Amino acid sequence: MIGSALSFAACGDDDDESPLGAAGAPGQGGESGGAAGAPSAASGDAQCRVIGELCHAADAGEGAAHECHELGHEGDGEACTAGFAGCVETCVDESTGEEPLCAALGELCHAVDDETGPLHECHELGHVNDEAVCAGQFDHCAEICLAAREELEESEAGSGGAGGHGHAEGGAPHAGGGGGAGGAP
């Protein structure tokens, strides 16, 4: 399980609401985003790993964010695909109205944006808000951003750092003093 050294704002007040009522939330049979029935190139495994990571910091031990965090770590690809949109809305600030695959990539890759390389491209892809484009690159971007986040977390834990939300190359945190990214670059 990934530790909590990475700190990012997410789901401040949504922890008490159940994701079961949100479109695409667990038990609702929704798609991973976009129009119902739209195919997604994003694998269920990648969606589980991303939900697990994004909902980790928002998990208060109960409520919707906890359910989503647990869903991600259970690793049931079909359940993660069905619950992905609701979980992203629950755990990623400012994701309401955004395409869930894109909002997830924007948030997931934000803290490790390398300013000019593939991590930056994945972070920016999240802000495109185009389901087909995000779905096509989701697994690749999830893989490299999750690996970079783990590496960042390990280096911060090794240096005694308290964790942070800056870019890998020393960029500033999101505007608003620690608010979530979701859809704002």
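Residues numbered from 1 in each chain as written. Predicted model: local features only at pLDDT ≥ 70, side-chain atom pairs only at ≥ 80, totals over all residues. Heavy atoms only, no water.

Observations regarding the pattern of salt bridges
Quick reminder of the rule: Criterion for a salt bridge: a side-chain nitrogen of Lys or Arg within 4 Å of a carboxyl oxygen of Asp or Glu. A run of H or I in DSSP becomes a helix once it reaches four residues, and a run of E becomes a strand once it reaches two; helices and strands are each numbered from the N terminus. Partly exposed residues are those whose accessible area sits between 20% and 50% of the maximum for their type, while under 20% is buried and over 50% is exposed, using a 1.4 Å probe and protein chains only.
Tallied over the full model, the rule gives one salt bridge. Taking the shortest distance from any N to any O, the salt bridge between Glu53 and Arg149 comes out at 2.9 Å. Here the residue Glu53 occupies a position in helix α1 (residues 44–54), and Arg149 occupies one in helix α6 (residues 131–158), the gap between them amounting to 96 residues. With relative accessibility at 1%, the residue Arg149 sits in the buried group.

A short note on the nonpolar core
What counts is decided by this rule: Throughout, nonpolar core names a set of buried Ala, Val, Leu, Ile, Met, Phe, Trp, Tyr and Cys residues whose side chains join them through atoms within 4.5 Å. The contact definition used throughout considers only heavy atoms, calling two residues in contact when any of these lie within 4.5 Å.
Core analysis: the biggest nonpolar cluster contains 37 residues, and Val50, Ile51, Phe84, Leu108 and Phe138 have the highest contact counts within it. Mapped by element, the contributors of at least two residues to this core are α1, α2 (64–74), α3 (77–91), α4 (100–110), α5 (118–126) and α6. Looking at which element gives the most residues to this core, the answer is α6, with nine residues. Setting aside anything within four residues of it in sequence, one finds Leu108 in contact with Val50, Glu53, Leu54, Ala142, Cys145, Leu146 and Arg149.

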